[in-house]
Amino acid sequence: MFQILVCDDDKEIVEAIEIYLSQEGYQILKAYDGMEAIKILEKEDVNLLIIDVMMPKLDGIRATLKIRENNSIPIIILSAKSEDADKILGLNIGADDYLTKPFNPLELVARVKSQLRRYTQLGAKVAEPAKEVYTSGGLSINDELKEVTVDGEPVKLTPIEYNILLLMMKNQGRVFSINQIYESIWNEDAIGADNTVAVHIRHIREKIEINPKEPRYLKVVWGVGYKIEKIS
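Residues numbered from 1 in each chain as written. Predicted model: local features only at pLDDT ≥ 70, side-chain atom pairs only at ≥ 80, totals over all residues. Heavy atoms only, no water.

## Considering the overall build of the protein chain
The cut-off we apply is this: Only runs of H or I of at least four residues qualify as helices and only runs of E of at least two qualify as strands under DSSP, and these elements are numbered from the N terminus. For each residue, the accessible area found with a 1.4 Å probe, counting protein chains only, is set against the maximum for its type, and the residue is called buried under 20%, exposed over 50%, and partly exposed in between. Surface accessibility follows the Shrake-Rupley procedure with a 1.4 Å probe radius. Residue values consider only the protein chains on display as shielding. For the purpose of charge, His is not counted, nor are the chain termini; Lys and Arg are scored as positive and Asp and Glu as negative. Lysine's charge is taken at NZ, arginine's at CZ, aspartate's at CG and glutamate's at CD.
Of the regular secondary structure elements, the protein chain holds 8 helices and 11 strands. Considering only C-alpha atoms, the protein chain reaches an extent of 55 × 40 × 30 Å along its principal axes. Expressed as a percentage of the 232 residues in the protein chain, the buried residues total 50%. As displayed, the protein chain has an accessible area near 11,700 Å², and 50% of this comes from carbon and sulfur atoms. Averaging the coordinates of the 29 positive side-chain charges in the protein chain and doing the same for the 37 negative ones gives two points 4 Å apart.

## Focus on the side chain of Thr196
Looking at the element boundaries, Thr196 is found in helix α8 (residues 194-208). Given the relative accessible area of 5%, Thr196 is considered buried.

## Brief notes about the pairing of strand β1 (residues 3-7)
For clarity, the threshold we go by: Each pair of strands is called paired provided DSSP finds at least two bridges between the two strands. Crossover handedness is defined by viewing with both strands directed away from the observer: a clockwise path from the first strand over the helix to the second marks the crossover as right-handed.
Among the 5 residues that make up β1, 5 are buried, leaving the element largely enclosed by the rest of the structure. Here β1 shows two buried faces, one formed by Gln3, Leu5 and Cys7 and the other by Ile4 and Val6. With 5 bridges connecting them, β1 and strand β2 (residues 27-31) associate as parallel partners. Bridge pairing links Leu5 to Leu29 in β2. Read from β1 through helix α1 (residues 11-22) to β2, the crossover connection turns out right-handed. With 4 bridges joining them, β1 and strand β3 (residues 48-52) adopt parallel strand pairing. Following the sheet pairing, Leu5 is matched in β3 by Leu49.

## Some points on α1
Worth spelling out the cut-off: Expected helix span is taken as 1.5 Å per residue step, with the number of steps being one fewer than the number of residues. Here, the arc refers to the directions that run from the helix axis to the C-beta atoms. Whenever two N or O atoms come within 3.5 Å, that pair is a polar contact, provided that in protein one can donate a hydrogen and the other can accept it, and provided that, for residues adjacent in sequence, both atoms are side-chain atoms.
The end-to-end C-alpha distance of α1 is 16 Å, a good match for the 16 Å that 12 residues give at a rise of 1.5 Å each. Listed as buried for α1 are Val14, Ile17, Glu18 and Leu21. One side of α1 carries all its buried residues, which in axial view fall inside an arc of 105 degrees. Its side-chain oxygen placed 3.0 Å from the backbone nitrogen of Glu12, Asp10 serves as the N-cap of α1.

## Examining the side chain of Asp143
The following threshold applies: It only takes one pair of heavy atoms within 4.5 Å for two residues to be counted as in contact.
Positionally, Asp143 belongs in the loop between β7 (139-142) and β8 (147-150). Using a relative accessible area of 12% as the deciding quantity, one classes Asp143 as buried. One polar contact links Asp143 to Tyr162, side chain to side chain, over a distance of 2.6 Å. Setting aside residues up to four positions removed in sequence, Asp143 forms contacts with Glu132, Tyr134, Tyr162, Leu166 and Lys170.

## Quick look at the nonpolar core
As a reminder of what qualifies: To qualify as a nonpolar core, a set must consist of buried Ala, Val, Leu, Ile, Met, Phe, Trp, Tyr and Cys residues joined through side-chain atoms within 4.5 Å.
By size, the foremost hydrophobic cluster in this structure holds 32 residues, and its most contacted members are Leu139, Ile164, Leu165, Met168 and Ile208. Elements with a minimum of two residues in this core: β7, β8, α6 (159-169), α7 (178-186), α8 and β11 (225-228). Sort the elements by how many residues they give to this core and α6 lands first, with 8 residues. With residues near it in sequence (within four places) discarded, Met168 still touches Phe176, Ile181, Ile201, Leu218, Tyr226, Lys227 and Ile228. Ala31, Leu41, Ile51 and Tyr98 belong to the second largest nonpolar core, which has 23 residues in total.

## A look at the confidence of the model for the protein chain
Applied cut-off: Confidence of the predictor at the level of single residues is captured by pLDDT, which takes values from 0 to 100.
Taken as a whole, the protein chain shows an average pLDDT of 88; of its residues, 94% reach a score of 70 or greater. Ranking the elements of the protein chain by mean pLDDT puts helix α4 (residues 84-92) last, at 74, and β1 first, at 97.

## Looking at the environment of Ala16
With respect to the element layout, Ala16 can be found in helix α1. Measuring from C-alpha to C-alpha, the distance between Ala16 and Pro105 comes to 8.4 Å, with 89 residues separating the pair along the chain.

Following this line, the structure appears as structure tokens:
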């Protein structure tokens, strides 16, 4: 059974989310500020975090930054703010998805399912006869072990980052548009996807490139999209 941690200082929102997610068979843990959420994550085996931005003691932004230091579970941020800048900030600090209040509970359930599906696929260790290791120069991704290395050193990616990199490593040299990346990874129509994809691409570059401003592997094709350079 998946355990989901819901963190919001509004107890009514927490209770409402618990009702909908419990109906889907998820076990719900509850916290009402960022500090409490971090303490629960240290003790419990949590599969996904839903966290509000504006909270006392430790807000959702700072809590997410702290959590991302050693935890790669999917994080969905909730906020009453709908401006693109706030959405980008949430993604910049390591969130996987963002939902603006007030939200449709059924949409939240759908996003939770989507994130958990990607997370469990990332964690799968089932060997397949098909090719599982993809390399380009010193960059390597082993899809059987779900491991990424650069020049032999391990690289820690979030589930979204891993799936974007895997998509392009499997298709080295092919240019993917922002919409193609979004629709392949998020499995939904790419409406306003530019900022979301760009933030994740930047995060991947920061982790796999020696100089992200002059990338060797993950290249931009201006006006078209992104590709992984094929390096022998």
